[in-house]
Amino acid sequence: MQFTTSLKRFFKDESGVTAIEYGILAAAMAAAVGYIFSSDGAFISALRDKFQQIANDISGAGKGVSIK
């Protein structure tokens with residue numbers, strides 16, 4: 001009888017569920033951040049392309065200017 005009562009109490013207890021949910025959420029967020037900032041991710045490629053464009057604009061900015 002006491003085992004049955006303890007088992008029922010165990011199944012009704014939801015205090016650990018929140019911690020498990022937070023753990024799953026943290027793992028999903030870590031996977032998403034890892035994918036976004038990985039070397040072949042779209043964000044890194046777009047950022048690399050933009051910095052290359054800025055570098056090209058800066059290096060070509062002084063050409064054709066004459067100083068008097």
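Preceding block: the structure.
Calculation notes
Residues numbered from 1 in each chain as written. Predicted model: local features only at pLDDT ≥ 70, side-chain atom pairs only at ≥ 80, totals over all residues. Heavy atoms only, no water. Helix = DSSP H or I, 4+ residues; strand = E, 2+ residues; numbered from the N terminus. Buried < 20%, exposed > 50% of the residue type's maximum accessible area, 1.4 Å probe, protein only. Areas by Shrake-Rupley, 256 points an atom, 1.4 Å probe, with all protein chains shown as cover. Contact = heavy atoms within 4.5 Å. Patch = residues over 30% accessible without salt bridge, like charges linked within 9 Å, V, L, I, M, F, W, Y side chains within 5 Å. Salt bridge = Lys/Arg side-chain N within 4 Å of Asp/Glu carboxyl O.

S.K.: A description of the overall build of the chain should follow, citing residues and the corresponding values.
M.R.: Within the chain, the secondary structure is distributed over three helices and zero strands. When the elements of the chain are put in sequence order from the N terminus, they spell out α-α-α. Burial status across the chain gives 3% buried among its 68 residues. By element, 66% of the accessible surface of the chain is carried by carbon and sulfur atoms, the whole surface being about 6400 Å².

S.K.: Mind laying out the environment of G41, listing which residues take part and the relevant values?
M.R.: Looking at the element boundaries, G41 is found in the loop between α2 (17-36) and α3 (42-59). Discounting residues that sit within four places of it in the chain, G41 has contacts with Y35 and I36.

S.K.: Can you break down a nonpolar patch on the surface residue by residue, with the values?
M.R.: On the surface, a cluster of nonpolar side chains totalling about 930 Å² of accessible area is made up of V33, Y35, I36, F37, F43, L47, F51, I54 and I58. For the nonpolar patch, the secondary structure elements donating two or more residues are α2 and α3. By the element assignment, I58 lies in helix α3. Residue I58 is classed as exposed on the basis of its relative accessible area, which comes to 61%.

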